[in-house]
Amino acid sequence: PEEIEKAKNNTEAWKVFMPKYFFCYFLVFYKEFYRQHIRNTFKQCLEDKQYRLESRLNPGIVRDENYDYISEDEEMSLYQEELKNINSNNNLETKFTFGIIVEIKRNKTDEFILNKIKSSIALRAKYPDLICGIDLGGDENHFRTFHDLTPLMIKNTDPNLPWILHCGESLKAKNYNFIDGMLLNAKRLGHCINLFKLGNLYEQVKNKNIVLEINPISNQTLRQVRDLRLHPGIGYHNTGIKICINNDDPTLYNTKGVNYDFFVAAAGMEFDLIDLKCFGLNSIDGAIISDELKDEYKNKFLKE
């Protein structure tokens, strides 16, 4: 915290953030640590009465004690086993479900990204209950843009593998990733800080019924927003755009669930209880699950 407090701007914050990010990244993906991490994450969701989790992951990077990659099938088995454990050991009336958004770093080569899109389609065909979407993530100020990547992105021909995209996580007015994300018919868009500079798109976002994922603590930590009372997500919500509240890189920040972000949404962004309930319902609307399961989750949410 002391280091990040000294960061004067977004660029300095990233210089502090990235080395720590990669340290945690490689440590957590040791197989035995990773299983415990997944188990703890699922338990935390239930403590928060959250019955659906969709997480951006990169299948195929979990390693064993010899530092060799385990197979994707072994990794998927890990998720299936932990899902079975969490549901069978807690006598749940409503089933807890988990979806993986395959994340590809946008700074990779054309060949790498294209191969990853193809392998994601194949993985979804094999594990339809686990793989729910695909994303291109990374630093938007320095990595490739969606405009550059569109010829690759349209190679995703699987309607059951929607784009759920990081976009607009930037203060730059000429960052147009949000526009291209919409044109690519993304189901959800993450961060969307600079949408407020593209106000003429608000009605289109509403008409497309896109849910925006807002990450207040992450946005403040990385100096996208210094004062949460001025977070653009407040304006999005007040003009009728659907937003939901999310945490970002919980392993790195050592946060437990999404409670901290909901707290700062209330205390820092001054949302009231009605707003917070809207965000819960919006998150169910934006989930990549069947309409029947959405209705079940909504009924449980409203009842509680």
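Structural data are supplied above this passage.
Residues numbered from 1 in each chain as written. Predicted model: local features only at pLDDT ≥ 70, side-chain atom pairs only at ≥ 80, totals over all residues. Heavy atoms only, no water.

### Re the overall build of the chain
Defined as follows: Numbering goes from the N terminus for both helices and strands, where a helix is a DSSP run of H or I of at least four residues and a strand is a run of E of at least two. Using C-alpha atoms as the atom set, the radius of gyration is obtained and then compared with a globule rule of 2.2 Å times the number of residues to the power 0.38. Only protein chains enter the accessibility calculation, which uses a 1.4 Å probe; a residue is then buried when its area is under 20% of its type maximum, exposed when over 50%, and partly exposed in between. Contacts: residue pairs with any heavy atoms within 4.5 Å of one another. Areas reported as accessible are Shrake-Rupley estimates using a 1.4 Å probe. Residue values count occlusion only from the protein chains shown. Under this rule, positive means Lys or Arg and negative means Asp or Glu; His and the chain ends count for nothing. Think of each charge as sitting on NZ of Lys, CZ of Arg, CG of Asp or CD of Glu.
Within the chain, the secondary structure is distributed over 14 helices and 7 strands. Over its C-alpha trace the chain gives a radius of gyration of 19 Å, about what one expects of a compact globule, namely 19 Å for 304 residues. Taken over 304 residues, the chain has a buried fraction of 50%. The long-range share in the chain, meaning contacts at least 24 apart out of those at least 6 apart in sequence, stands at 70%. Of the roughly 15,600 Å² that the chain leaves accessible, carbon and sulfur atoms contribute 52%. For the chain, the centre of its 40 positive side-chain charges and the centre of its 44 negative side-chain charges are spaced 2 Å apart.

### Considering helix 4 (residues 72-88)
Since the α-helix packs 3.6 residues into each turn, any two residues three or four apart lie on the same face. How we decide: In this scheme, a helix's expected span is set at 1.5 Å multiplied by one less than its residue total. An arc is given here, and it is the one of the directions from the helix axis to the C-beta atoms.
Across its 17 residues, helix 4 extends 24 Å between first and last C-alpha, which sits within 8% of the 24 Å expected from 1.5 Å per residue. Of the residues making up helix 4, those classed as buried are Glu75, Met76, Leu78, Tyr79, Glu82, Leu83, Ile86 and Asn87. On an axial view of helix 4, the arc spanned by its buried residues comes to 155°, and they lie on one face.

### Concerning the sheet that holds strand 4 (residues 164-167)
The following threshold applies: Criterion used throughout: strands pair if DSSP finds at least two bridges between them. All axes are obtained by fitting lines to C-alpha atoms, using only the stretch in contact for helices, and the reported angles, taken between N-to-C directions, cover 0 to 180 degrees.
Taken together, 4 strands build an open sheet; the order of strands is 4-5-6-7 and the sheet is parallel. Both edges of this open sheet fall to strand 4 and strand 7 (242-245), since each of them pairs with a single strand only. In this sheet, adjacent strand axes meet at a mean angle of 30° when their direction is disregarded. With 4 bridges connecting them, strand 6 (residues 211-214) and strand 7 associate as parallel partners. Residue pairing for strand 7: Ile214 is matched across the bridge by Ile245. Most of the contacts of helix 13 (residues 273-286) go to strand 7, to which it runs at about 100°, and overall it touches strand 5 (188-191), strand 6 and strand 7.

### What about the environment of Phe29?
Looking at where Phe29 falls in the secondary structure, it is placed in the loop between helix 2 (10-28) and helix 3 (31-47). Each C-alpha atom of the pair Phe29 and Phe279 lies 31 Å from the other, and the pair is 250 residues apart in sequence. With residues near it in sequence (within four places) discarded, Phe29 still touches Tyr34, Ile61, Val62 and Arg63.

### Focus on the packing of helix 13 against helix 14 (residues 291-303)
Stated formally: Here roughly perpendicular refers to angles of 65 to 115 degrees, roughly parallel to angles under 35, roughly antiparallel to angles over 145, and oblique to all remaining angles. Two helices cross in a left-handed way if the nearer one is turned anticlockwise from the farther one by less than a right angle. They cross in a right-handed way if the turn is clockwise. Nonpolar residues are Ala, Val, Leu, Ile, Met, Phe, Trp, Tyr, Cys and Pro. Charged residues are Asp, Glu, Lys and Arg, and all others, Gly as well, are polar.
Interhelical geometry of helix 13 versus helix 14 gives an angle of 165° and a closest axis separation of 9 Å. Relative to helix 14, helix 13 is oriented roughly antiparallel. Note on packing geometry: the crossing formed by helix 13 with helix 14 is right-handed. Mapping the contact onto sequence places Lys277, Gly280, Leu281, Ile284 and Asp285 in helix 13 and Lys294, Tyr297, Lys298, Phe301 and Leu302 in helix 14. Of the residues belonging to the contact of helix 13 with helix 14, the class tally is 5 nonpolar, 1 polar and 4 charged.

### So, the packing of aromatic side chains
Quick reminder of the rule: We call Phe, Tyr and Trp rings a pair once their centres come within 6.5 Å, taking the six-membered ring for Trp, and we label the pair stacked below 30 degrees between planes, edge-to-face above 60, and tilted otherwise. In this scheme, Lys NZ or Arg CZ marks a charge over a ring once it lies within 6 Å of the ring centre and within 35 degrees of the ring normal.
All told, the structure shown has 9 aromatic pairs when counted by the stated rule. Three or more aromatic residues link up through ring pairs in this structure, and these residues are Phe29, Tyr34, Phe42, Tyr79, Phe96 and Phe98. In this arrangement the basic side chain of Arg63 is found over the ring face of Tyr67, its NZ or CZ atom lying 3.9 Å from the centre.

### Some remarks on the pairing of strand 5
Regular strands have side chains that alternate between both faces of the sheet. Note the threshold: A clockwise course of the path from the first strand over the helix to the second, judged with the strands pointing away from the viewer, identifies a crossover as right-handed.
Summarising the sheet, strand 4 and strand 5 pair through 4 bridges and their orientation is parallel. Residue pairing for strand 5: Cys167 is matched across the bridge by His191. Handedness of the β-α-β unit built from strand 4, helix 7 (residues 177-183) and strand 5 comes out right-handed. Two elements, strand 5 and strand 6, share 3 bridges in a ladder whose sense is parallel.

### A closer look at the nonpolar core
The cut-off we apply is this: Put simply, buried Ala, Val, Leu, Ile, Met, Phe, Trp, Tyr and Cys residues joined by side-chain atoms within 4.5 Å make one nonpolar core.
Ranked by internal contacts, the top residues of the largest apolar core, which has 70 residues, are Tyr79, Phe178, Leu189 and Leu212. If we skip the residues at most four places from it in the chain, Tyr79 touches Tyr34, Ile38, Phe42, Leu57, Phe98, Ile100 and Leu130. Among the nonpolar cores identified, the runner-up in size contains 8 residues, and Ala13, Val16, Phe17 and Tyr21 belong to it.

In short, the description is geometric, and any link to function would need to be established separately.
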